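Given next are the chains, with one letter for each unit.
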Amino acid sequence: MTIRWRFMLPVVQTCLAGALKANNYVRGDMVMDPAWSRLDIQICYGLNAPAALVNEVMFRVLPNWLPWNAVVAWSTYFAFFPLLILVWYCVGYEIDYRERYRVSALAPKLQLRWTADIVLICLGLTLGGWAILIRREFEREFGFRGNVFSIPYFAWAVVLVLFYSKDLWDAISTGVLNMRNLNRTE
């Protein structure tokens, strides 16, 4: 019996994230120990950095466009879990079908492979920038913890950029992508 990582990883990570978020919520918010700076929530967001980044952008952008701030805040709080499931399903899909494809299993399935690679490379670069911001913010207030909290974000950034850059390079070098026909619609 083989493990289907594309189903196992989302379940395990959702349970782990739910437990970490519940633990953080139960302890309450204090002035000297704010909820966003605790170890459990930072582990949760670090393990699921792409989902946390998209969720944070939603949390910052949506209240400006929609008038119901409380509804938007709770919806972005719960939107984290579907984003988390999507991230870990994609990671599991890459692991499950790694043997059949040379580099990426997910990008060749999409119609615009080069677009998917470039978007994921940009996501990795954005995570790297976000890791620098997290490091600076936590280092200013909590000292060494800023360095520790930023490590998972840097790891996600490096993995995304290197993995999908290699996939894009392989697609271009093997002739799968013809650079002259990238803009032509079929």
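Each value, and the rule that gives it
Residues numbered from 1 in each chain as written. Predicted model: local features only at pLDDT ≥ 70, side-chain atom pairs only at ≥ 80, totals over all residues. Heavy atoms only, no water. Helix = DSSP H or I, 4+ residues; strand = E, 2+ residues; numbered from the N terminus. Buried < 20%, exposed > 50% of the residue type's maximum accessible area, 1.4 Å probe, protein only. Contact = heavy atoms within 4.5 Å. Areas by Shrake-Rupley, 256 points an atom, 1.4 Å probe, with all protein chains shown as cover. Core = buried A, V, L, I, M, F, W, Y, C linked by side-chain atoms within 4.5 Å. pLDDT = per-residue confidence, 0-100. Phe/Tyr/Trp six-rings, centres within 6.5 Å; stacked < 30°, edge-to-face > 60°. Lys NZ or Arg CZ within 6 Å of the ring centre and 35° of its normal. 1 Å grid on protein atoms, 1.4 Å probe; cavity = no way out; pocket = protein on both sides within 12 Å on 5 of 7 lines; lining within 4 Å. Points joined across faces, edges and corners; volume = space filled by probe spheres on them. Nonpolar A, V, L, I, M, F, W, Y, C, P; charged D, E, K, R; others polar. Salt bridge = Lys/Arg side-chain N within 4 Å of Asp/Glu carboxyl O.

1. Concerning the overall build of the chain
Reasoning step 1: What the chain contains, in helices and strands, is six helices and zero strands.
Reasoning step 2: Each helix and strand of the chain, placed in order from N terminus to C terminus, yields the pattern α-α-α-α-α-α.
Reasoning step 3: Counting the 186 residues in the chain, one finds 37% classified as buried.
Reasoning step 4: Residue pairs at least 24 apart in sequence account for 68% of intrachain contacts in the chain once pairs closer than 6 positions are excluded.
Reasoning step 5: Accessible area of the chain: about 11,800 Å², with a carbon and sulfur share of 68%.

2. Thoughts on the nonpolar core
Reasoning step 1: Within the largest apolar cluster, 27 residues are counted, with the highest numbers of intra-cluster contacts made by Phe80, Leu127, Trp130, Tyr153 and Trp156.
Reasoning step 2: When residues of this core are traced back to their parent elements, those giving at least two are helix 1 (5–27), helix 3 (49–65), helix 4 (69–96), helix 5 (113–142) and helix 6 (145–173).
Reasoning step 3: Take this core: its biggest share by element is seven residues, from helix 6.

3. A word on the confidence of the model for the chain
Reasoning step 1: Mean pLDDT for the chain: 79, with 72% of residues reaching 70 or above.
Reasoning step 2: Mean pLDDT across the elements of the chain bottoms out in helix 3 (80) and peaks in helix 1 (87).

4. As for the packing of aromatic side chains
Reasoning step 1: Across all of its chains, the model carries seven aromatic pairs by this definition.
Reasoning step 2: An angle of 70 degrees between the planes, with centres 5.7 Å apart, marks the rings of Phe80 and Phe81 as edge-to-face. This pair shows no difference in class: Phe80 is buried, exactly as Phe81 is.
Reasoning step 3: Taken together, the ring pairs in this structure connect Phe7, Tyr89 and Tyr93 into an aromatic cluster.
Reasoning step 4: Note that Lys21 overlies the ring of Phe80, its terminal NZ or CZ placed 4.9 Å from the centroid.

5. What to know about the layout of surface pockets
Reasoning step 1: Estimates place the volume of the second largest pocket at around 570 Å³.
Reasoning step 2: Looking at the lining of the second largest pocket, the elements that each hand over two or more residues are helix 3, helix 4, helix 5 and helix 6.
Reasoning step 3: The element that contributes the greatest number of residues to the lining of the second largest pocket is helix 4, accounting for seven residues.
Reasoning step 4: Each residue belonging to the lining of the second largest pocket can be placed in one class, and the counts come to 21 nonpolar, no polar and one charged.

6. Structural notes on the pattern of salt bridges
Reasoning step 1: Applying the stated criterion across every chain yields a total of two salt bridges.
Reasoning step 2: As a salt-bridge pair, Asp96 and Arg6 come within 3.0 Å of each other at their nearest N and O atoms. Residue Asp96 is located in helix 4, and its partner Arg6 is located in helix 1; the two are separated by 90 residues in the primary sequence. With respect to burial, Asp96 and Arg6 carry one shared label: buried.

7. What about the side chain of Ser150?
Reasoning step 1: Looking at the element boundaries, Ser150 is found in helix 6.
Reasoning step 2: Take Ser150: its relative accessible area is 2%, and that puts it in the buried class.
Reasoning step 3: Sequence-distant contacts of Ser150, that is, excluding residues within four places in its chain, are made with Ala131 and Arg135.

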